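Survey of secondary and tertiary structure
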Amino acid sequence: MVSPATRENVLWGVVAGLSFLVLVQGYELLGDERVTVLVKAGVAVLVALVAGVTAHFVRPHVAPSNEQA
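In this report, the structure presented in the accompanying data block is examined. (Residues numbered from 1 in each chain as written. Predicted model: local features only at pLDDT ≥ 70, side-chain atom pairs only at ≥ 80, totals over all residues. Heavy atoms only, no water.)

1. Overview of helix α1 (residues 4-30)
Taking 1.5 Å per residue, 27 residues should reach 39 Å; α1 reaches 39 Å between its end C-alpha atoms and fits that length. Buried residues of α1: Asn-9, Gly-13, Gly-17, Val-24 and Glu-28, and no others. In the core, the buried residues of α1 are packed alongside α2 (37-58). (Helix = DSSP H or I, 4+ residues; strand = E, 2+ residues; numbered from the N terminus. Expected span 1.5 Å × (residues − 1). Buried < 20%, exposed > 50% of the residue type's maximum accessible area, 1.4 Å probe, protein only. Contact = heavy atoms within 4.5 Å.)

2. Description of the side chain of Lys-40
Inspection of the secondary structure puts Lys-40 in helix α2. Classification of Lys-40 by relative accessible area gives buried; the value is 18%. Setting aside residues up to four positions removed in sequence, Lys-40 forms contacts with Phe-20, Leu-21, Val-24, Gln-25, Glu-28 and Val-35.

3. Section: the pattern of salt bridges
As enumerated under the stated definition, the model contains two salt bridges in all. The salt bridge involving Arg-59 is made with Glu-8; its shortest N-O contact spans 3.1 Å. Highlighted residues: Arg-59 in the segment after α2 and Glu-8 in helix α1, separated in sequence by 51 residues. Residue Glu-8 is classed as partly exposed on the basis of its relative accessible area of 37%. Here Glu-28 ties to Lys-40 by a salt bridge, and the two come within 3.1 Å at their closest N and O atoms. On the criterion of sequence distance, the pair formed by Glu-28 in helix α1 and Lys-40 in helix α2 is long-range, its members being twelve residues apart. Exposure class is identical for Glu-28 and Lys-40. Each is buried. (Salt bridge = Lys/Arg side-chain N within 4 Å of Asp/Glu carboxyl O.)

4. Observations regarding the packing of α1 against α2
It is the contact of α1 with α2, at a shortest axis distance of 7 Å, that shows an interaxial angle of 145 degrees. For the crossing formed where α1 meets α2, the hand is right-handed. Residues Asn-9, Trp-12, Gly-13, Ala-16, Gly-17, Phe-20, Leu-21, Val-24, Gln-25 and Glu-28 of α1 lie in contact with α2, whose contacting residues are Lys-40, Val-43, Ala-44, Val-47, Ala-48, Ala-51, Gly-52, Ala-55 and His-56. A class-by-class count of the residues in the contact of α1 with α2 yields eleven nonpolar, six polar and two charged. (Axes fitted to C-alpha atoms, helices over the stretch in contact; angles between N-to-C directions. Left-handed = near helix turned anticlockwise from the far one by under 90°. Nonpolar A, V, L, I, M, F, W, Y, C, P; charged D, E, K, R; others polar.)

Everything listed here is a matter of coordinates, which is why it stays silent on function.
Right, dumping it as structure tokens:
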């Protein structure tokens, strides 16, 4: 089974990747430029990986607000 910390890191990555895709969609709706699906997917995966790894390294330094320290 996957540990809760790993699950949280993966979810942060998913949120970041989907947020990037929402921003790209807004960029395309408001501007005249178009971005190919391959570039969108590649950058979204990269953003998700970076966010997940960052969440892994930052997590020990941030005290949870809903738990006692």
